[in-house]
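Take a look at the letters that make up each chain.
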Amino acid sequence: MTDAAIPLLETKLHSPRPSRGIVSRPRLRERLERREQPALTLVSAPAGFGKTTLVAEWFADGPPTAWLSLDRSDNDPARFWAYVVAALQTAEPGAGDTARSLLQAPQPSMDAVVAVLLNDLHAIAHDLVLVLDDYHVIESTEIHQAVAFLLEHLPPLIHLVLATRGDPALPLAGLRASGKLLEIRATELRFTAEEAAEYLNGAMGLALTDTDIATLEARTEGWIAALQLAALSMQGRDDIAGFVDGFAGDDRFIIDYLVGEVLELQSDEIRSFLLETSILDRLTGGLCDAVTGRTGGKATLEYLDRANLFLVPLDDRRRWYRYHHLFADVLRARLLDEHPERLPEIHRRASDWHDANDDGPQAIAHAMAGGAFDRAAQLIELTVPTMSQTRQEATLRGWLEALPAGLFDDRPVLSIALVGARMATGDSAGVEPLLQIVESWLEASTATRQPPDGAREPIVFNKDEYTRLPAQVAVYRAGLALLADDVAGCTTHAHRVLELVEPSDHLRTGSAAAFLGLAHWTLGDLDEARRRYADAIGSFVLAGYLPDVLGCSVALADIQITQGRLHDAAETFESGLRHTAQLPGLRGAADMHAGMSEVLLERNDLDAAARHLEAVRELGEHAGLPQHAYRWRVTTARLRQAQGDLIGALELLEEAEPVYNTDFSPPVRPIAALKARVHLAQGDVPAAIRWANGRGLAADDELSYVLEFEHITFARTLLARHAADHNTDSIGDAIGLLGRLRTAAEEGHRTGSAIEILVLLTLAHHADHDSPAATGALEEALALAEPEGHVRVFLDEGPTMTELLRSATSRGAVNEHARKVLAAARPRDVVAVPRAGLVDELSSRELEVLRILRSDLSGPDIARELHVSLNTLRTHTKRIYAKLGVNNRREAIRRASELGL
């Protein structure tokens, strides 16, 4: 954990105070004040349509409201959610405390932050409204996805309101269809003729004729900002009718003309103040003094507020303001047109003020805007540790990539920062040249102590980061080598890290150990890989990087399962779950539950496995590490297969395929091979053969650990082909391939693989009518399986294996574990006793569906109850109808009753 926190501006958490001259709009209030508020209210219209004013007025006397005014700096997920939590706590103290703690962790998961925030919101027992104003500035896909998740799980008493210039990237169609969306758009926000008259003549006191009002309303199409600007321009004019008659043109030219008129009516001092301070997102007296180089900024802001010159107060004490966005846009355009030479100096002053007042992001933004890239580079380098610590890599990368490329040549610390910002998101593009820059400086300082290419010396502002460069470069080199399948290079660089780091540098020590674990895992040296991953986990625990602890735990448990160490794998996952219990919402909790379900599945504890997978579902996919999206689907597919639901299993594997991501780990269990196994279980041998042909697999292939799973699957395909066409070559090829795989697995201490291979050898020798060899292989498989409790590896082979076990047990030829396997088979196997009139046996999953068909639940409700899609349910019911010889649900229930099902 860390005490580092993202600095927040309280002014962003206050709704605008009602301004003078607000027009009452009962037609909109009636739409908004519904008895049951929807999950989302969307107020969407172009600039200047009164969105913020409407929302602020609407909730002024309503339920407790949390307000957040967004700006472009909030595109960093960590910053965005920190502000959301802070806003909520203005309306409900204590709400989001857990989420706030997560945001201060070294590597917070934004998805986990949303999950624990939802838990806090569920505890609120009254209506609460969260308003996100100016949501159109948010462009981050990660934020949009997290807000969509928030909406999906929002408690009934919590309501979200978005005010935006364009439709956000949210699932609006689904919300609209489910009645969870209220929309207020530009056509409704436009002033009607009556509202325009009330504003122009009532609020602004212009005494316009009905004709004048109708003309302005028609030409502005009710655009409130344009009417406001027109009213300001008409104040003090004698020839109002002439102004109205000459008021024409498209919106852009109208606004340019009106603002020009407004500005020209101001004093030179006020006009200069407006132009110079237009570069600021927020204004306060001291900042305005610094930017303009004059005093009296506070008094000027108060004057502008009283004069209603598009100034919006941001707090109750009227210390901070902002310009109306449309007005600010035009002021900036005018400043650029009239005084472009003043922009660099104005931005420099703004940057210096923000830096002196500990607002690094704004200091950097103004330095960049003013073209002071050297200054920006210095500020960025100094803030890198804090930005990394608070997981604001998205903002950091944006700053760094906006700098001129040549600026990195003599700034090694800045270069390594960009390497880290890119590789944090798995993007290695452009990393190599940056590493070469860093390495050239390191080589020069080590060898000749002379900078390369005649440069004087490296430009460094963060000396601590500079001293860590050698080890950090080696870490990134190890990662790049592994991505390029250069295992030897990865190992070399990882050992180099261990030579360079100090004993107290647990983070880089852990990184090196993890890369060594990956390298040995890829080579099939699982004993050494297991030791390295255990070391990595210990280092990451000491460093406080718990997401890395959980990521390494997934890899370690995978290795332990392959080695047949089910007890150790279970302890690895349980240890991970203990970590997640200490910090609720920690990303990786879902991975631990999915992993535990895999161990429990092999031990045939299907109920316990299902409970862990239910925990995965409740946590949501966002609570997982990069591999989780495909891994939980694969594990659930295995549970479906164990329950006899092969169709559901295949559907889940189809879903897993497009999200397959091994995240640096070797691809030892590809989805296509898993699908081939389900096809074989369905009896679809041609599909499995097509997969094998596509992969170019052959019985005499050179073996490797990475391809071991695929070769075992290919052996299964050869056995199924023999069963289908009695091809003697297939059985011979299968036995030969399995024999070589067995030797390799035993030599590599991969007991989990060896058990499966021996089970298949049992079936192969049985098919080849070699009973002694079959019995010998079965005895060895059971002997290896007994200590750790492997069960499903036998049961998944179906009735033939069950009969072989029963026969061997009756002869006393096998150990006690065989009886345990047989006992486990009975309640879970396919219905074994044929029933008169039943076309084919019903699987346990089909029996479960049949039982629910007797209820009053609709088809969609049954699908939700079973956690399957409606299409999968329809497939089940069709198969049930076919096996029962019926055509509809009523006949199926009647026939099942007759058969005693």
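Criteria and cut-off values
Residues numbered from 1 in each chain as written. Predicted model: local features only at pLDDT ≥ 70, side-chain atom pairs only at ≥ 80, totals over all residues. Heavy atoms only, no water. Helix = DSSP H or I, 4+ residues; strand = E, 2+ residues; numbered from the N terminus. Buried < 20%, exposed > 50% of the residue type's maximum accessible area, 1.4 Å probe, protein only. Areas by Shrake-Rupley, 256 points an atom, 1.4 Å probe, with all protein chains shown as cover. Lys, Arg positive; Asp, Glu negative; His and termini not counted. Charge placed at Lys NZ, Arg CZ, Asp CG, Glu CD. Axes fitted to C-alpha atoms, helices over the stretch in contact; angles between N-to-C directions. Parallel < 35°, antiparallel > 145°, perpendicular 65-115°, else oblique. Left-handed = near helix turned anticlockwise from the far one by under 90°. Contact = heavy atoms within 4.5 Å. Nonpolar A, V, L, I, M, F, W, Y, C, P; charged D, E, K, R; others polar. Pairing = 2+ DSSP bridges. Phe/Tyr/Trp six-rings, centres within 6.5 Å; stacked < 30°, edge-to-face > 60°. Core = buried A, V, L, I, M, F, W, Y, C linked by side-chain atoms within 4.5 Å. pLDDT = per-residue confidence, 0-100. Expected span 1.5 Å × (residues − 1).

**Considering the overall build of the protein**
A tally of helices and strands in the protein yields 47 helices and seven strands. Principal-axis analysis of the C-alpha atoms gives the protein an extent of 115 × 85 × 45 Å. Per-residue burial for the protein yields a buried fraction of 55% across its 901 residues. Surface summary for the protein: the accessible area is close to 38700 Å², and the carbon and sulfur share equals 50%. With 90 positive and 130 negative side-chain charges, the protein shows a spacing of 4 Å between the two charge centroids.

**As for the packing of helix α3 (residues 77-91) against helix α5 (residues 110-122)**
Between α3 and α5, the shortest axis-to-axis distance is 10 Å and the interhelical angle comes to 10°. Taken together, α3 and α5 sit at an angle that is classed as roughly parallel. α3 and α5 meet at a crossing whose hand is left-handed. Judged by residue contacts, Pro77, Ala78, Trp81, Val84, Val85 and Leu88 of α3 engage Met110, Val113, Val114, Leu117 and Leu121 from α5. Looking at the contact of α3 with α5, its residues break down into eleven nonpolar, no polar and no charged.

**Concerning the pairing of strand β5 (residues 181-185)**
Counting buried residues in β5 gives four out of five residues, a clear majority hidden from the surface. Where strand β1 (residues 40-44) lies against β5, five bridges are found, and the strand directions are parallel. Bridging from a neighbouring strand, Leu42 pairs with Glu183 of β5.

**Points about the packing of aromatic side chains**
Any aromatic ring pair is given by two values, namely how distant the centres are and how the planes are angled relative to each other. A complete count under the given rule lists six aromatic pairs for this structure. With centroids separated by 4.8 Å and ring planes inclined at 75°, the aromatic side chains of Tyr630 and Tyr660 adopt a geometry described as edge-to-face. With Tyr630 in helix α33 (residues 628-642) and Tyr660 in the loop between α34 (646-656) and α35 (671-682), this residue pair connects regions lying 30 residues apart in the sequence. Overall, the relative accessible area of 9% leaves Tyr630 in the buried class.

**Some points on the nonpolar core**
Phe80, Trp81, Leu132, Tyr135 and Leu403 are the most contacted members of the largest nonpolar core, which totals 144 residues. At eleven residues, the largest contribution of residues to this core is made by α3. Ignoring anything within four residues of it in the chain, the contact list for Tyr135 reads Leu70, Phe80, Ile143, His144, Val147, Leu162, Ala163, Thr164, Pro168 and Leu170. Ranked by size, the runner-up nonpolar core spans 61 residues in total, among them Ala637, Leu697, Phe709 and Ala734.

**Structural notes on the confidence of the model for the protein**
On average, residues of the protein score 85 in pLDDT, and 91% of them reach the 70 mark or higher. Low pLDDT (under 50) marks residues 448-452, which in the prediction has ten contacts with non-local residues, meaning those over four places away or in another chain.

**Some remarks on unusual backbone geometry**
Even without a glycine there, the phi angle at Asp485 is positive, about 65°. Note that Asp485 resides in the loop between α25 (469-483) and α26 (487-500). Asp485 gets classed as exposed once you look at its relative accessible area, which sits at 69%. Look at His769: it is not a glycine, yet its phi comes out positive at around 60°. Here His769 lies in the loop between α39 (751-767) and α40 (771-785). Given a relative accessible area of 73%, His769 falls into the exposed group.

**A closer look at the side chain of His579**
By the secondary structure assignment, His579 is in helix α30 (residues 566-582). Given the relative accessible area of 14%, His579 is considered buried. Among all residues touching His579, those that are not within four sequence positions of it are Val541, Leu546, Val549, Leu550 and Leu586.

**Points about the packing of helix α15 (residues 285-292) against helix α16 (residues 297-306)**
It is the contact of α15 with α16, at a shortest axis distance of 7 Å, that shows an interaxial angle of 110°. Relative to α16, the element α15 is oriented roughly perpendicular. Counting all contacts with α15, which are made through Gly285, Cys288 and Asp289, the residues of α16 involved are Gly297, Lys298 and Leu301.

**What about helix α38 (residues 728-747)?**
Over its 20 residues, α38 extends 29 Å from the first C-alpha to the last, a length consistent with the 28 Å expected when each residue adds 1.5 Å. Residues Ser730, Ile731, Ala734, Ile735, Leu737, Leu738, Leu741 and Ala745 constitute the buried set of α38. Following α38 by one or two positions, His749 has its phi on the positive side, about 60°.

**Quick look at the sheet that holds strand β4 (residues 158-164)**
Taken in spatial order, the five strands line up as β2-β3-β4-β1-β5 in an open sheet, and their pairing is parallel. Each of the sheet's edge strands pairs with one partner strand only, and the pair in question is β2 (65-69) and β5. For this sheet the average axis-to-axis angle between neighbouring strands, irrespective of direction, equals 15°. Alignment of β2 against strand β3 (residues 128-133), held across five bridges, turns out to be parallel. Each residue of the ladder has a partner; that of Ser69, found in β3, is Asp133.

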